[in-house]
Amino acid sequence: MGWRLLSRRRIGELLTSHGLRPSRALGQNFVADPNTVRRIARLAEVGEGDAVVEIGAGLGSLTLALVETGASVTAVEVDRHLLPVLRGQVEAAGVRVVEGDARTLDWERVLAGRERWVLVANLPYNVATPLVLDLLDQVPRIRRMLVMVQREAGERLVAGPGDEAYGIPSVKVAYHAEAAIVGHVPSTVFVPQPRVESVLVRIVRRPRPAVESDPDLLFSLVRQAFGQRRKMLRRSLAGRVPADAFPRAGIDPESRPEQLDIEAWGRLADAVAALG
């Protein structure tokens, strides 16, 4: 093994020698602790024969820990200033480096050749939730994810009915996958140190969506209801959902949106579709 995981000192040396500093606009916080990146790689449950894609590889801290597992790693990075440093750190270890913005990347091209991928990433706080939801919607080759995100974002992704954090992202994740917070990461392991707490979220795609309802109809109802989440459903969905749809779906019309799980939302969408 011809590489070493990046310590805090090594990250500082790389940044200084290349005249770089973490970009606040890109939400860059580099993990500067070998034990933490090894823990993330272990929780990702990847190894020999697995295809892993990492978004926002930065200087390669997590990338090299993933290589240690024996997995085949593709690292995506949007910051053109970091790319030469990243390539210098990880390409000798067999990592394929892809330049691009994960939000607009041609994922079919990047993931071509393998049907099953695992995403492992330290995601910028400002894009984490929409990016995870877009990947669940649009990139079925990614079968599992282990993402490090801001604690509040992680709680929204995994929340269930009745939880304070339960909302549209929670319903979307539940439609596609099962999700859980599997660890916490202290701010002290980052360079620079963020002012927020981070969590590790494991997301496992279901073999098929949780319900067979029309997804466009289902999520239009979800968005409308959560747009007025303090109102009862019969009020927030008035004019959209016939009164007869609630008993048909087995749902109390005086419920609020945070009380319905994905199965209930599916039943309501089916009832609306059936009643025309």
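Not measured: the values here are computed from a predicted model.

A. Layout of the overall build of the protein. Of regular secondary structure, the protein possesses twelve helices and nine strands. Seen through its C-alpha atoms, the protein measures out along the principal axes to roughly 65 × 40 × 30 Å. Expressed as a percentage of the 276 residues in the protein, the buried residues total 51%. A separation of at least 24 residues holds for 68% of the contacts in the protein among residues at least 6 apart in sequence. Accessible area for the protein stands at about 13300 Å²; split by element, carbon and sulfur atoms hold 45% of it. Where the 37 positive side-chain charges of the protein centre and where its 33 negative ones centre are 4 Å apart.

B. Spatial organisation of empty space enclosed by the protein. Throughout the structure, instances matching the rule amount to one cavity of 30 Å³ or more. Roughly 40 Å³ of volume is contained in the largest cavity. Taken together, L43, A44, V118, L119, R144, M145, L146, R202 and V204 make up the full set of residues lining the largest cavity. Of all the secondary-structure elements, those providing two or more residues to the lining of the largest cavity are β5 (117-122), β6 (142-150) and β9 (198-205). When residues of the lining of the largest cavity are assigned to their parent elements, the largest contribution, three residues, is made by β6. Class assignment of the residues belonging to the lining of the largest cavity gives a composition of seven nonpolar, no polar and two charged.

C. Highlighting helix α4 (residues 83-90). Listing the buried residues of α4 in full gives L83, V85, L86, Q89 and V90. Across the axial projection of α4, the buried residues extend over an arc of 160°, all falling on one side. Residues P84 and G88 are exposed on α4 and point more than 90 degrees away from its buried face. For α4, the secondary structure elements touched by its buried residues are α1 (8-17), α3 (61-68), β3 (72-77) and β4 (96-99).

D. Expanded view of the packing of helix α6 (residues 128-138) against helix α8 (residues 168-176). Running from N to C, α6 and α8 point in directions that differ by 30°, and their axes come no closer than 10 Å. Relative to α8, the element α6 lies roughly parallel. Seen from above, α6 lies across α8 with left-handed handedness. Across from T129, L133, L136 and D137 in α6, the residues of α8 making contact are P169, K172, V173 and H176.

E. Local environment of the packing of aromatic side chains. Tallying each qualifying case throughout the model produces three aromatic pairs. Taking the centre distance of 5.3 Å and the plane angle of 85° together, the rings of Y175 and F219 count as edge-to-face. Taken together, the residues Y175 in helix α8 and F219 in helix α9 (residues 215-226) connect sequence positions 44 residues apart. The residues Y175 and F219 share a single accessibility class, namely buried. With a centroid separation of 6.1 Å and 40° between ring planes, the pair formed by F226 and W265 is classed as tilted. Of the two residues, F226 sits in helix α9 while W265 sits in helix α12 (residues 262-275), which places them 39 residues apart along the sequence. Comparing F226 with W265, the two get one shared label, buried.

F. Highlighting the pattern of salt bridges. Under the counting rule described, the total for this entry stands at eleven salt bridges. Across the pair E45 and R202 runs a salt bridge whose closest N-O atoms are separated by 3.8 Å. Here E45, found in the loop between α2 (34-43) and β2 (51-55), pairs with R202, found in strand β9; they are 157 residues apart in sequence, far enough to count as distant. Look at E45 and you get exposed, because its relative accessible area is 52%. For E91, the salt bridge is made with R87, and the minimal N-O distance between the two is 3.1 Å. Residues joined in a network through salt bridges with shared partners are R151, E152, E155 and E197.

G. Here's a closer look at a negative patch on the surface. On the surface, a cluster of negative charge is contributed by E212, D214, D216 and D270. Within the secondary structure layout, D270 lies in helix α12. Look at D270 and you get partly exposed, because its relative accessible area is 41%.

Rules and cut-offs
- Residues numbered from 1 in each chain as written.
- Predicted model: local features only at pLDDT ≥ 70, side-chain atom pairs only at ≥ 80, totals over all residues.
- Heavy atoms only, no water.
- Helix = DSSP H or I, 4+ residues; strand = E, 2+ residues; numbered from the N terminus.
- Buried < 20%, exposed > 50% of the residue type's maximum accessible area, 1.4 Å probe, protein only.
- Contact = heavy atoms within 4.5 Å.
- Areas by Shrake-Rupley, 256 points an atom, 1.4 Å probe, with all protein chains shown as cover.
- Lys, Arg positive; Asp, Glu negative; His and termini not counted.
- Charge placed at Lys NZ, Arg CZ, Asp CG, Glu CD.
- 1 Å grid on protein atoms, 1.4 Å probe; cavity = no way out; pocket = protein on both sides within 12 Å on 5 of 7 lines; lining within 4 Å.
- Points joined across faces, edges and corners; volume = space filled by probe spheres on them.
- Nonpolar A, V, L, I, M, F, W, Y, C, P; charged D, E, K, R; others polar.
- Arc of directions from axis to C-beta.
- Axes fitted to C-alpha atoms, helices over the stretch in contact; angles between N-to-C directions.
- Parallel < 35°, antiparallel > 145°, perpendicular 65-115°, else oblique.
- Left-handed = near helix turned anticlockwise from the far one by under 90°.
- Phe/Tyr/Trp six-rings, centres within 6.5 Å; stacked < 30°, edge-to-face > 60°.
- Salt bridge = Lys/Arg side-chain N within 4 Å of Asp/Glu carboxyl O.
- Patch = residues over 30% accessible without salt bridge, like charges linked within 9 Å, V, L, I, M, F, W, Y side chains within 5 Å.

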